[in-house]
Amino acid sequence: MPPKAKRRLAGGRKAKKKQARRSPLELDGAFGYVSDDVSASVDWNSLYSGFDELTAPRLWGMGLTHGAVSAKLPLQVRAEAPAKKAQLSSVSGVGAGAATGGGEGEGKGLGPLFVISSKIKLKDAEGKGRGWFAEAPLPAGALLLVERPLVAVLDAQWRDKAWADCDSADTTALGIELALVLSPSLRALVTRHHPVEGADFPSDVEDDESDEEDTAKREAMADARDLAWSMVDGLAAAESARLQAVVKLNSLGFYTHSEQLCHSGHFTPLTGSGLYALASGFNHSCEPSVSRFSIGDLTAFVTNRPVKAGQELCISYIETELLCAPRSLRSQSLNRDFTCSCTKCVAQQGQLEGGGSGRRFLNVDATVQAELALLQPVERVQAVDAALRGEMASDDDSEEDEEEEGAKSSGPAIVLGKDAQELRAVKALALMQMGRRDDALAVWRQLAGFAARHLPPFDEALAVYATQAALCALSIQSGGSSSSSSSPKLAPKLLLGTAESEAARYVNCAMDAYRVICGCDAKMFRWRYAKEVEIAEVPDDAKQAFWKLVDKVAATAASKTAPAAWADAVEAWEFREEEIPEAMTGPPMSDSSSA
C-alpha cells in the first residue's frame, strides 16, 4: 500500500548474522473504544503534547525506534467521552469477545489500540473478502477510526541493511519485525487478514525487481527474511509464507504531515510502515470516500465526502495525485493481487490509451529533486518550466538507452499530474525565495486548482496550498514582494479588494479543508501547521498576520454546525479555467481520466 520507500547499501550473502528473537508480543485482551463521536473522544491534547515532547530535542530523530514513538504518543480517550471499551478481537471479528467495562489487556500494560466509530461495521464485501461499511449516513469529515498498528517499523530502522535499496525493503523489514515478535495472540488477530488460511496467493510475495537490481542485495534480503522466520518455533512453511503475504498485501505506510512542505527534513524520521488490525479492512478504490493522516504511528481515517448507509468505505492504496493518471498506470502503481473494479476503472475499461508502447514519461524522483535543489532559484524556475514542457532529460541515461528511447518516441515527454505538482511546488518555493511572492501566489493557485479538479475532495494538499497562498498575499500587502511574471494572465487578482481580505479567504479555504480531512476542530489547525508557517519564505509580520487571521476564522468556525460542502469549498477559490492544469501534459492520451 505505501509508496516505495528509499533504500540503501549493498552487501553479500555470506554474513548470516545471528539475530535474536525478541519476547513475543502478547495481545490477549487487547482493547480499544467504540464511540459515537471519535473526534470528541480522542484526547488530542495529550497526543499533541507527547508529539511536541518527542520532537523538541535538537537531534530527536537520531536513533529513533518505533517503540520510542509509540511510547511518547499515547492514544487516550477523554474522561467525559461517549466511548465504550471493547476488545479488539470482537471489533475485528476474529473472536467472540464483547464490549466490556474492564479488559485483560489492562493487566498486561497494554494501552488502547484504537478508537472506532459505532457507525461503521466490518462485513463481507462481494469479490473483495471483507470491507468496512457505513451503518448510518456519514457526513464529510466524519472521523471513523484512529488506530495504532499491531506491529510496525520505522524506515530509519532498516536503512543500514545490506538490502535497503531493494524495492520491497519496507515490507521485508516489517515481515522480519512480525517474525521476531510473533505470538499466538498476535497470529490470531491476523487470521482473517487477506490472504486467509487456505486461500490462493502469489507464491512470490516480493515486488518484481528490475533487471538492474543487484543480485547480492536481493540475496541478502532473502537471507535476512529467511533467518527471521526460521526462528519462529512450530510454524509450518505454508503459514510462514501466508504471513509474509499478509504483510505485503495489508501493510500501510505512515507519514507525519506528509502533504505539508515541512515533511521533508523535519518529520521524515517518523515515516514507517505497520500492520493494522482494523484498518486492513479498508479496500481500495480510485474514487476513495475515506482519506487518512498520521501522527507518528497513529493513523486516522476520515470521510472526504458524504456516505450513505450501506455504502462501502474505501481508501486509496496509491498516492492521490496518481488517481487522475490513466487506468493502466494506476494499475501498475497499485501492483496488487487484484484488478481494481471500482466505478471509475469499470467506466474506463474499454478506453484506449494514446501514444503506443513508445510513450515517454518524465519521472520527478529523488535524484531530480536533489538536482533542482542545487540550482540557484532563478535557474530552478527555468528548469522547472522546461520540465513542465516535458523537456527535462536524465543525465543518468546511457547512450544506449537514449538511442533506444529515441527510436521509440521523440518530442516532449508526458508529465503526469503527480510529477507536475511536485515541479510546481518547487517553482513556487523558488519564487518565494526570490521575493516574487505575487508570482508564487499564482503558482499556488495553480496547485490548488489541480487539487480541486483532479484529487479526491478535501485532500489536505488543498489546505497546504491555501496556507501558502495566504502567506504570499499577506507578504504582498506588507510590500515584501516584487514581480517579473512571465505569465501575466495567471497573475492573481485581489478578488475581494485588498491583500488582507484575499488572505482571509485563503485562510478560510485552508481551515475548511483541514476541518474535513482531519475530522478535528479548527483550533487544532494552529498546532498542525506551526512548522509549515515557521519555515515559510515570507516576512515575520506576514506570519503574525496569518495567525491572527487563523484565530479570527477559528472563532467563526466554532459556531458552524458542519464544514463547507465540497462544491462551496471549490467555489470559494473563484478559479479561472486557465488556472486549472490538465491531469497530465504532453502527447494526448484518450484515457487521461480527469473525471
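Quick caveat, the model's predicted, so the values are computed rather than measured.

Here we look at the packing of helix H16 (residues 417-433) against helix H17 (residues 437-454)
The interhelical angle for the contact between H16 and H17, taken along N-to-C directions, is 160 degrees, at an axis separation of 8 Å. Relative to H17, the element H16 lies roughly antiparallel. Once H16 is placed against H17, the crossing between them reads as left-handed. Across from Gly 417, Gln 421, Arg 424, Ala 425, Lys 427, Ala 428, Leu 429, Leu 431 and Met 432 in H16, the residues of H17 making contact are Arg 437, Asp 439, Ala 440, Val 443, Trp 444, Gln 446, Leu 447, Phe 450 and Ala 451. In the contact of H16 with H17, the residues fall into 11 nonpolar, three polar and four charged.

Some thoughts on the nonpolar core
Judged by nonpolar contacts, the single largest core of 162 residues is most densely connected at Trp 44, Leu 150, Trp 163, Phe 282, Leu 313 and Phe 546. By residue number, the principal contributor to this core is helix H18 (residues 460-477), which donates 12 residues.

Some words on helix H14 (residues 377-388)
Relative to the 16 Å expected for 12 residues at 1.5 Å per residue, H14 spans 16 Å between its end C-alpha atoms, a close match to the ideal helical length. Taken residue by residue, H14 has Pro 377, Arg 380, Val 381, Ala 383, Val 384, Ala 386 and Ala 387 as its buried positions. Where H14 is buried, its residues contact helix H13 (366-373), strand S14 (415-416) and H16. Of the residues trailing H14, Gly 390 is marked for its positive phi of about 80 degrees.

Here's the deal with unusual backbone geometry
Across residues other than glycine, the phi torsion is negative in most instances, and most of the peptide bonds are trans. Along the chain, His 194 connects to Pro 195 via a cis peptide bond; the corresponding omega equals -5 degrees. The phi torsion at Glu 574 lies on the positive side, around 50 degrees, for a residue other than glycine. Within the element layout of this structure, Glu 574 appears in the loop between helix H23 (566-571) and strand S15 (584-585). Owing to a relative accessible area of 39%, Glu 574 belongs among the partly exposed residues under this scheme.

A few points about the sheet that holds strand S6 (residues 143-147)
Read from one edge of the open sheet, six strands run S2-S1-S3-S6-S12-S11, paired in mixed fashion. Strands with a single pairing partner mark the edges of an open sheet, and in this sheet they are strand S2 (83-87) and strand S11 (290-295). Neighbour-to-neighbour, the strand axes of the sheet open up by a mean angle of 25 degrees, direction not taken into account. Across five bridges, strand S1 (residues 31-35) lies against S2 in antiparallel orientation. Its bridge partner lying in S2, Phe 31 is registered against Gln 87. Along the sheet face, helix H2 (residues 44-55) touches S6, S11 and strand S12 (298-303) and points at about 50 degrees away from the line of S11.

Regarding the sheet that holds strand S4 (residues 120-125)
The four strands are arranged S4-S5-S13-S10 in an open sheet whose pairing can be described as mixed. Edge positions in the open sheet fall to S4 and strand S10 (283-284), since each of these has one partner strand only. One ladder, built from two bridges, connects strand S5 (residues 129-134) with strand S13 (residues 312-315); its direction is antiparallel. Along S13, the bridge assignment pairs Trp 132 with Leu 313.

A few points about the side chain of His 454
For His 454, the position within the fold is in helix H17. From its side chain, His 454 meets the backbone nitrogen of Ala 583 in a polar contact 3.4 Å long.

Overview of the environment of Cys 324
Of note, Cys 324 is situated in the loop between S13 and helix H11 (327-334). C-alpha of Cys 324 to C-alpha of Arg 453: the two residues are 129 residues apart in sequence and 9.6 Å apart in space.

Comments concerning the packing of aromatic side chains
The tally for this structure, following the rule as stated, stands at 17 aromatic pairs. Ring geometry for Phe 282 and Phe 301: centres 4.9 Å apart, planes at 20 degrees, overall stacked. Of this pair, Phe 282 sits in the loop between strand S9 (272-275) and S10 while Phe 301 sits in strand S12, placing them 19 residues apart in sequence. Looking at Phe 301, the relative accessible area reads 0%, which means it is buried. Pairing Phe 525 with Tyr 529 gives two aromatic rings, centres 4.4 Å apart and planes at 10 degrees, and the pair type is stacked. What links up through ring pairs into an aromatic cluster is the set Trp 44, Tyr 48, Phe 51, Phe 267 and Trp 527.

Some details on the pattern of salt bridges
Overall, the coordinates contain 22 salt bridges when judged by the stated rule. In this structure, the salt-bridge partner of Arg 389 is Glu 391, at a minimum N-O distance of 3.1 Å. In this structure Glu 391 comes out as partly exposed when scored by relative accessible area, which is 48%. Among the charged side chains, a salt-bridge network with shared partners connects Arg 445, Arg 576, Glu 578 and Glu 579.

A short note on H16
An ideal rise of 1.5 Å per residue puts 24 Å on 17 residues; H16 measures up with 24 Å between its terminal C-alpha atoms. Of all 17 residues in H16, 14 are buried; the element is thus mostly enclosed.

Topic: the confidence of the model for the chain
When pLDDT is averaged along the chain, the result is 84, and 82% of the positions lie at 70 or above. Mean pLDDT in the chain bottoms out at helix H5 (residues 104-107), which sits at 44, and peaks at strand S3 (residues 114-117), which reaches 98. Taken together, the stretch residues 394-408 has pLDDT below 50 and engages in six contacts with residues farther than four places along the chain or on a different chain. Confidence over residues 485-496 falls short of pLDDT 50; this stretch has 26 contacts with residues more than four positions distant or in other chains.

So, the state of the cysteines
Going through the model one piece at a time under the given rule, you end up with zero disulfides. Unpaired in terms of disulfides, Cys 286 finds its nearest cysteine sulfur in Cys 345, a separation of 3.7 Å. In this structure Cys 340 is a free cysteine whose sulfur lies 3.5 Å from that of Cys 342, the closest cysteine sulfur available.

Section: the pairing of S11
The buried count for S11 comes to five of six residues, which makes it a mostly enclosed element. With six bridges joining them, S11 and S12 adopt antiparallel strand pairing. Note that in S12 the partner of Ile 295 across the bridge is Leu 298. Hairpin remark: S11 followed by S12, antiparallel, with two residues in the connecting loop; positive phi at Gly 296, about 65 degrees.

Comments concerning the pairing of S1
In terms of burial, S1 is a largely internal element, four of the five residues being buried. Note that S1 and S3 share three bridges and pair parallel. Its bridge partner lying in S3, Tyr 33 is registered against Val 115.

A word on the packing of H14 against H16
Helix-helix packing is characterised by the crossing angle of the two axes and by the distance between the axes. Running from amino to carboxyl end, H14 crosses H16 at an angle of 155 degrees, the nearest separation of the two axes being 9 Å. Here H16 runs roughly antiparallel to H14, going by the angle between their axes. Considering only the axes of H14 and H16, their crossing is left-handed. Contact residues: Pro 377, Arg 380, Val 381, Val 384, Asp 385, Ala 387 and Leu 388 in H14; Ala 420, Leu 423, Arg 424, Val 426, Lys 427, Ala 430, Leu 431 and Gln 433 in H16. When its residues are assigned to classes, the contact of H14 with H16 shows 10 nonpolar, one polar and four charged.

The rules behind these values
Residues numbered from 1 in each chain as written. Predicted model: local features only at pLDDT ≥ 70, side-chain atom pairs only at ≥ 80, totals over all residues. Heavy atoms only, no water. Axes fitted to C-alpha atoms, helices over the stretch in contact; angles between N-to-C directions. Helix = DSSP H or I, 4+ residues; strand = E, 2+ residues; numbered from the N terminus. Parallel < 35°, antiparallel > 145°, perpendicular 65-115°, else oblique. Left-handed = near helix turned anticlockwise from the far one by under 90°. Contact = heavy atoms within 4.5 Å. Nonpolar A, V, L, I, M, F, W, Y, C, P; charged D, E, K, R; others polar. Core = buried A, V, L, I, M, F, W, Y, C linked by side-chain atoms within 4.5 Å. Buried < 20%, exposed > 50% of the residue type's maximum accessible area, 1.4 Å probe, protein only. Expected span 1.5 Å × (residues − 1). Pairing = 2+ DSSP bridges. Polar contact = N/O pair within 3.5 Å; in protein donor to acceptor, adjacent residues only side chain to side chain. Phe/Tyr/Trp six-rings, centres within 6.5 Å; stacked < 30°, edge-to-face > 60°. Salt bridge = Lys/Arg side-chain N within 4 Å of Asp/Glu carboxyl O. pLDDT = per-residue confidence, 0-100. Disulfide = S-S within 2.5 Å.

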